Amino acid sequence: MNALVPLPVLLPLCVTGLKLAIGPRLQRFQRFISLAVLGAVLVLSVLLMIAADRHGPLSVHLGDFAPPIGITLVADRLAGLMLTVSSAVTLLVHVYSLGQGMADRDDQTPVGVFHPAYLILVAGVSCTFLAGDLVNLYVGFEIMLVASFVLLTIGGTATRIRAGSTYVIISLFSSVLFLVAIAMTYAFAGTVNFAQLAGRLQEAPDGARTLLEAMLLTVFAIKAAVFPLAAWLPDSYPTAPAPVTAVFAGLLTKVGVYSMLRTQTLLFPGHRLGDLLMLAALASMVVGILGAVAQTDLKRVLSFTLISHIGYMVFGIALAGRGSISGAIVYVAHHITVQTTLFLVAGLVERRDGTTELTRLGGLAKSAPLVAVLFFVPAMNLAGIPPLSGFIGKVGLMRAGIDNGGGWAWALVAGSAATSLLTLYVMAKVWNLAFWRDAPPGAEGEGVVLESAGDEPGDDEDDEDGEEDEEAPAAGSGSGRPVPAGAVVSAGLLGQSITTTKRLPWPMLLATGAAVALGLLYTVLGGPLTTFTEAAAAELLARTPYIEAVLGR
């Protein structure tokens, strides 16, 4: 079974090479192999999760080089669960993107650019979850960075290039800081392998340990969009195509949370920065949800709720108890799925009505009841309405805070309750404006220009029929204008020529429905899921099973 551990990383990379060699040819075959490899990664992830639960952590030293020289990949309960959830989500988002690409009649560029970049992103996420040392954790981050820049800027519009540039600058800064932290760790301990560091860092001077912990937490807090290091996210994610935004919001921030979980429990047990983490968690909850309350665009509302609910996960990490770690793991799995689903629904709304600006939407509950249901269920899940999985995770975290009994813990319990109520208010606001009320006067359901890849705002060049183009507003700006069918809009993967339509592509609806069902499955399996996460938390806090699996003692 150990031989299966590298495959979630290797399979997407190998298929990416094959797809690049084929180029834009053999469209159906390329779609098939993309779905096949993502399905295979999901099956492998489930097998690794089951094996780790039954037999303990699985490890493999690539090239048979032992630590600290060799590359070590480790699959324990936490890594197995994260791989399984992320693989399921990436498969569904890929089905969604195939439906969107086929509806846009874009036959070359998505296969030639989007699909390889997407598979590289999947490989980077898997590498991060399986990394057994700091260097390969860094490599996983960089693989994701390269792929995510391509996906964020796909289509080449000015808005996406600007947002992508901000994202890359922030990511490069965190990468440099990460490299410095790795170098300092090696200087103190003579290794970067997690299992070896678990013992050697305990012998390092207190000041050195605190410095390393602070640097690594800063890096991972940037990746996870923890306040006050989250200002880049609301301006970066909403500009990307719907499938890209969905997978970024669901997965990339959780990679940072996972890294915090791994390092805080394995390398820095009894960490000294717990109070600082609690403050950051509380600030993320409160500032994020207040930002969501102030927004009038659906994508930006969801971006701010993303920042807010990262605070719940940091809350669990900061308390560092078995119950809190278990609650944090449940909430990570829940949030990956629910946040991805909500952004997929935002893409459906944009596809149908040409905008996600809430002031220009209305009547969707009557005109698009399926889309309304697909929004309502994950929205209530995000708000933590019982008995949904969001409620299970929040109750676990709040119970851990009450059991802790400290001042900061009680503040976080109160902040969690307030944030949950405000999340419900925000979701109710979106429901009332976009779905429940009547459509506002002048709202158009079809043929609304959002943004053109080849015709930027202010472009005065004449088009082919000799007529002068009108100014095309940015996506989500709320100033879209009615135009004849066939106009260029940015709801497509690459800014290609499509039109908003009342009849949504069935693969997009199918993928979104499956994501909603996956979120509900966590509720149905709430008992087994909680039992699994408690075992994962106990394994993380014990540290010994992980160390013995890697070092063989």
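Here the structure is a predicted model, which is why all the values come from computation and not from measurement. All residue numbers refer to positions counted from 1 along the written sequence of the respective chain. In keeping with the model being predicted, local features are shown solely for residues with a pLDDT of at least 70 and side-chain atom pairs are shown and tallied solely at 80 or more, while totals for entire chains, interfaces and linings include all residues. Only hydrogens and water are removed before side-chain values are computed, so all heavy atoms of the structure are retained for them.

**Topic: the overall build of the protein**
Okay, step 1: Broken down by element type, the protein carries 20 helices and 2 strands.
Okay, step 2: Type-normalised accessible area, obtained with a 1.4 Å probe on protein chains alone, sets the label of each residue: buried when under 20%, exposed when over 50%, and partly exposed for intermediate values. Out of the 553 residues belonging to the protein, those deemed buried represent 61%.
Okay, step 3: By the convention used here, residues are in contact when the closest approach between their heavy atoms is within 4.5 Å. Long-range contacts, defined as pairs at least 24 residues apart, comprise 80% of the intrachain contacts of the protein with a sequence gap of at least 6.
Okay, step 4: For the protein, the exposed area adds up to about 19700 Å²; of that, 65% sits on carbon and sulfur atoms. Labels follow the DSSP assignment, with helices taken as runs of H or I lasting at least four residues and strands as runs of E lasting at least two, numbered in each case from the N terminus. Note on areas: these come from Shrake-Rupley sampling with a 1.4 Å probe, and a residue is covered only by the protein chains present in the view.

**Things to note about the packing of helix H6 (residues 158-189) against helix H8 (residues 206-224)**
Okay, step 1: Axes here refer to lines fitted to C-alpha atoms; in helices the fit is confined to the stretch in contact. Angles between the N-to-C directions go from 0 to 180 degrees. Across the interface, H6 lies against H8 with an axial gap of 9 Å and an inter-helix angle of 155°. Viewed along their axes, H6 and H8 adopt a mutual orientation that is roughly antiparallel. Remark: the crossing between H6 and H8 carries left-handed chirality. Across from Ile170, Ser171, Phe173, Ser174, Ser175, Leu177, Phe178, Val180, Ala181, Met184, Thr185 and Phe188 in H6, the residues of H8 making contact are Ala208, Leu211, Leu212, Met215, Leu216, Thr218, Val219, Phe220, Ile222 and Lys223.
Okay, step 2: The classification used treats Ala, Val, Leu, Ile, Met, Phe, Trp, Tyr, Cys and Pro as nonpolar, Asp, Glu, Lys and Arg as charged, and all other residues, Gly among them, as polar. Looking at the contact of H6 with H8 residue by residue, the classes come out as 16 nonpolar, 5 polar and 1 charged. Roughly parallel refers to an angle under 35 degrees, roughly antiparallel to one over 145, roughly perpendicular to one between 65 and 115, and oblique to any angle outside these ranges. With the far helix as reference, a near helix turned anticlockwise by less than a right angle produces a left-handed crossing, and one turned clockwise produces a right-handed crossing.

**Some words on the layout of surface pockets**
Okay, step 1: Lining residues are defined by having an atom within 4 Å of a point belonging to a cavity or pocket. Those points lie on a 1 Å grid over the protein atoms alone, cavities being sets where a 1.4 Å probe fits but cannot get out and pockets being open sets with protein on both sides within 12 Å along at least five of seven lines. Grid points are joined across faces, edges and corners, and a volume is the space filled by probe spheres set on the points. The calculated volume of the second largest pocket comes to roughly 440 Å³.
Okay, step 2: If you trace the second largest pocket, you find 17 residues lining it, with Met49, Leu81, Thr84, Leu525 and Leu529 closest to the centre.
Okay, step 3: In terms of residues, the lining of the second largest pocket owes the most to one element, helix H2 (residues 27-55), which gives 5 residues.
Okay, step 4: Its residues placed into classes, the lining of the second largest pocket shows 15 nonpolar, 1 polar and 1 charged.

**A look at the pattern of salt bridges**
Okay, step 1: The working definition used for a salt bridge is a side-chain nitrogen of Lys or Arg within 4 Å of a carboxyl oxygen of Asp or Glu. With the rule as written, the count across this model stands at 6 salt bridges.
Okay, step 2: Glu539 is paired through a salt bridge with Arg77; the nearest N and O atoms lie 3.1 Å apart. Here Glu539, found in helix H19 (residues 526-542), pairs with Arg77, found in helix H3 (residues 77-103); they are 462 residues apart in sequence, far enough to count as distant. As far as burial versus exposure is concerned, Glu539 and Arg77 are alike and both buried.
Okay, step 3: A salt bridge links Glu350 to Lys299; its shortest N-O distance comes to 3.3 Å. On the criterion of sequence distance, the pair formed by Glu350 in helix H13 (residues 322-353) and Lys299 in helix H12 (residues 298-319) is long-range, its members being 51 residues apart. Lys299 shares its class with Glu350; the two are buried.
Okay, step 4: Through salt bridges that share partners, Asp53, Arg77 and Glu539 make up one connected network.

**Points about the nonpolar core**
Okay, step 1: To define a nonpolar core, start from buried Ala, Val, Leu, Ile, Met, Phe, Trp, Tyr and Cys residues and group those joined through side-chain atoms within 4.5 Å. Judged by nonpolar contacts, the single largest core of 169 residues is most densely connected at Phe178 and Phe375.
Okay, step 2: The biggest single contributor to this core is H13, with 16 residues.

**Some points on the side chain of Thr523**
Okay, step 1: Along the chain, Thr523 falls in helix H18 (residues 506-524).
Okay, step 2: In this structure the side chain of Thr523 is engaged in a polar contact, spanning 3.0 Å, whose partner is the backbone nitrogen of Ser389.
Okay, step 3: For Thr523, the residues in contact, after removing those within four places along its chain, are Pro387, Leu388, Ser389 and Ile392. Here a polar contact is taken to be a pair of N or O atoms separated by no more than 3.5 Å, where protein atoms must pair a possible hydrogen donor with a possible acceptor and residues adjacent in sequence count only if both atoms sit in side chains.

**A few points about unusual backbone geometry**
Okay, step 1: In this structure, the amide linkage connecting Phe227 to the following residue, Pro228, adopts the cis form with an omega of 10°.
Okay, step 2: By the element assignment, Pro228 lies in the loop between H8 and helix H9 (233-236).
Okay, step 3: In this structure, Pro387 follows Pro386 across a cis peptide bond, with omega equal to 5°.
Okay, step 4: Residue position: Pro387 is located in the loop between helix H15 (369-383) and helix H16 (389-404).
Okay, step 5: At Ala225, a residue that is not glycine, the phi angle is positive and equals roughly 60°.
Okay, step 6: Along the polypeptide, Ala225 turns up in the loop between H8 and H9.
Okay, step 7: Ala225 gets classed as buried once you look at its relative accessible area, which sits at 0%.
Okay, step 8: Positive phi outside glycine occurs at Arg543, with the angle close to 70°.
Okay, step 9: Mapped onto the elements, Arg543 comes out in the loop between H19 and helix H20 (544-551).

**A closer look at the packing of aromatic side chains**
Okay, step 1: Here a pair means two rings of Phe, Tyr or Trp (six-membered ring of Trp) with centres within 6.5 Å. Their orientation is stacked below 30 degrees between planes, edge-to-face above 60, and tilted elsewhere. Applying the stated rule across the entire model yields 12 aromatic pairs.
Okay, step 2: Taking the centre distance of 5.7 Å and the plane angle of 55° together, the rings of Phe141 and Phe178 count as tilted. You can see Phe141 sitting in helix H5 (residues 134-152) and its partner Phe178 sitting in helix H6, a full 37 residues away along the chain.
Okay, step 3: Here Phe141 falls in the buried class, since its relative accessible area comes to 2%.
Okay, step 4: Seen in terms of ring centroids, Phe178 and Phe220 are 5.6 Å apart; in terms of plane orientation they differ by 85°. Their pairing is edge-to-face.

**What about helix H1 (residues 7-22)?**
Each full turn of the α-helix corresponds to 3.6 residues, which orients residues three or four apart in the same direction.
Okay, step 1: In a helix, the anticipated span is given by 1.5 Å times the number of residues less one. Between its first and last C-alpha, H1 extends 22 Å over 16 residues, near the 22 Å set by a 1.5 Å rise per residue.
Okay, step 2: Note on H1: the residue one or two positions beyond its end, Gly23, has a positive phi of about 75°.

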